[in-house]
Amino acid sequence: MIGIIDYGMGNLFSVSKALERLNVPYFISEKAEELMKADGLILPGVGSFKDAMERLNQTGLSAMIKEFVEMGQPFLGICLGMQLLFEGSKENGETIGLGLLTGYVEKFPGITADGGRYKVPHMGWNQLEWTQASSILRQVEEDYAYFVHSYYVDRMDQDVLLAKCRYDVEVPAVVGRGKLFGMQFHPEKSGRLGMTLLRNFTELTRERVTTG
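What this report covers is the structure whose coordinates are included nearby. (Residues numbered from 1 in each chain as written. Predicted model: local features only at pLDDT ≥ 70, side-chain atom pairs only at ≥ 80, totals over all residues. Heavy atoms only, no water.)

**Considering the nonpolar core**
Of all hydrophobic cores here, the largest spans 37 residues; its most connected members are Ile 42, Leu 76, Leu 128, Ile 136, Val 174 and Phe 185. In terms of residue count, helix α6 (residues 191-211) provides more of this core than any other element does, six residues in total. With sequence-adjacent residues up to four places away left out, Ile 136 is seen in contact with Leu 162, Val 174, Phe 181, Met 183, Leu 197, Asn 200 and Phe 201. In this structure, Met 53, Leu 80, Leu 161 and Leu 180 belong to the second largest nonpolar core, which totals 34 residues. (Core = buried A, V, L, I, M, F, W, Y, C linked by side-chain atoms within 4.5 Å. Buried < 20%, exposed > 50% of the residue type's maximum accessible area, 1.4 Å probe, protein only. Helix = DSSP H or I, 4+ residues; strand = E, 2+ residues; numbered from the N terminus. Contact = heavy atoms within 4.5 Å.)

**Re the pattern of salt bridges**
According to the stated counting rule, one finds five salt bridges in the structure shown. In this structure, the salt-bridge partner of Glu 106 is Lys 90, at a minimum N-O distance of 3.9 Å. Residue Glu 106 is found in strand β7 (residues 104-107), and its partner Lys 90 is found in the loop between β5 (88-89) and β6 (95-96); the two are separated by 16 residues along the sequence. Taking relative accessible area as the criterion, Lys 90 reaches 48% and is therefore assigned partly exposed. Here Lys 164 ties to Glu 170 by a salt bridge, and the two come within 3.4 Å at their closest N and O atoms. One continuous salt-bridge network, built from bridges that share partners, spans Lys 90, Glu 106 and Arg 155. (Salt bridge = Lys/Arg side-chain N within 4 Å of Asp/Glu carboxyl O.)

**Re the packing of aromatic side chains**
Taken as a whole, this structure holds five aromatic pairs when the rule is applied. The interplanar angle of 20° and the centroid separation of 4.9 Å between the aromatic rings of Phe 108 and Tyr 152 together place this pair among those described as stacked. Of the two residues, Phe 108 is situated in the loop between β7 and β8 (122-127) and Tyr 152 in strand β11 (residues 151-154); the sequence distance between them amounts to 44 residues. Of the residues examined, Phe 108 reaches a relative accessible area of 3% and is grouped as buried. On the basis of relative accessible area, Tyr 152 is assigned to the buried category, the value being 8%. A network of ring pairs unites the aromatic residues Phe 108, Tyr 118, Tyr 152 and Tyr 167 as a single cluster. (Phe/Tyr/Trp six-rings, centres within 6.5 Å; stacked < 30°, edge-to-face > 60°.)

**Looking at the layout of surface pockets**
Empty pockets left among the atoms are what a rolling probe the size of a water molecule brings to light. A volume near 160 Å³ is recorded for the largest pocket. Looking at the lining of the largest pocket, the elements with two or more residues in it are α5 (80-83) and β10 (144-149). (1 Å grid on protein atoms, 1.4 Å probe; cavity = no way out; pocket = protein on both sides within 12 Å on 5 of 7 lines; lining within 4 Å. Points joined across faces, edges and corners; volume = space filled by probe spheres on them.)

**Here's the deal with helix α4 (residues 61-70)**
Among the residues making up α4, those that are buried are Leu 61, Ser 62, Met 64, Ile 65, Phe 68 and Val 69. Here the buried residues of α4 occupy an arc of 165° about the axis, which is enough to place them on one side. In α4, the exposed positions that point more than 90 degrees away from the buried face belong to Ala 63 and Glu 70. Buried residues belonging to α4 abut β1 (2-5), α2 (32-35), β3 (40-43), α3 (49-59), β4 (75-78) and β14 (180-183). At the C-terminal side of α4, Gly 72 shows a positive phi close to 80°. (Arc of directions from axis to C-beta.)

**Overview of empty space enclosed by the protein**
All chains considered together, the criterion is met by one cavity of 30 Å³ or more. Taken together, Asn 11, Ser 14, Val 15, Pro 44, Gly 45, Val 46, Ile 78, His 186 and Glu 188 make up the lining of the largest cavity. Of the residues contributing to the lining of the largest cavity, the split by class is four nonpolar, four polar and one charged. (Nonpolar A, V, L, I, M, F, W, Y, C, P; charged D, E, K, R; others polar.)

**Structural notes on the side chain of Glu 188**
Tracing the backbone through its elements, the reader meets Glu 188 in the loop between β14 and α6. Lacking a salt bridge, the buried Glu 188 has Lys 189 as its closest oppositely charged neighbour, with an N-O distance of 5.1 Å. Among the polar contacts listed, one links the side chain of Glu 188 to the side chain of Ser 14, at a separation of 3.2 Å. A polar side-chain atom of Glu 188 sits 3.1 Å from a polar atom in the side chain of His 186. (Lys, Arg positive; Asp, Glu negative; His and termini not counted. Polar contact = N/O pair within 3.5 Å; in protein donor to acceptor, adjacent residues only side chain to side chain.)

**Comments concerning helix α1 (residues 12-21)**
Within α1, burial applies to Leu 12, Ser 14, Val 15, Ser 16, Ala 18 and Leu 19. Looking one or two places after α1, you find Asn 23, whose phi comes out positive at around 60°.

**Considering the sheet that holds β11**
Spatial ordering of the open sheet is given by β6-β5-β7-β11, a layout of four strands whose pairing is mixed. Both outer strands of the open sheet, β6 and β11, are each paired with one neighbouring strand and no more. Sheet topology note: the β7/β11 ladder contains four bridges and is antiparallel. Of the residues in β11, the one forming a bridge with Tyr 104 is Asp 154. (Pairing = 2+ DSSP bridges.)

Okay, here's the thing in structure tokens:
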């Protein structure tokens, strides 16, 4: 069963409805001891990096997430939830992240190299490009995904970059190492592509149940 982490900053409804469409059992909890019993965890997120980390730290969920990932169990961060996996962010001042992946979260500059301006946030559909093979991308063709964000991951380890898109700068769209994954876009709002990605993640949790 998949646990959805409730820390007051995630779109729990849309993620849970997507899992229901996939006929995947899940539960929503804010309690670390309950979430540790899950076969896989999803960390959704919208809002401020700083506020999110404060809530995760105050509730003990940060330590739980790190332990869960270090045990090699399937974990997926979505949108802000992906950004929290990295070392830190400059949003509302320097904030330390979970540090599970190398990289820093920066704001889109909104100005191109030649002085032109573009809209921030990055909002709407953008085409993904695969950068390497991964179990999370299995049977998924390159297509468009739905993004809503003003910050993106920069200076990251390219070994964990699985898919990208461009919004003036290169935007890491899917990252992964082992069974730890992050998606900058909202898979639950990204049509067939997003649902297949979520299905692939749930299959990893089932593999753990079968072999664990």
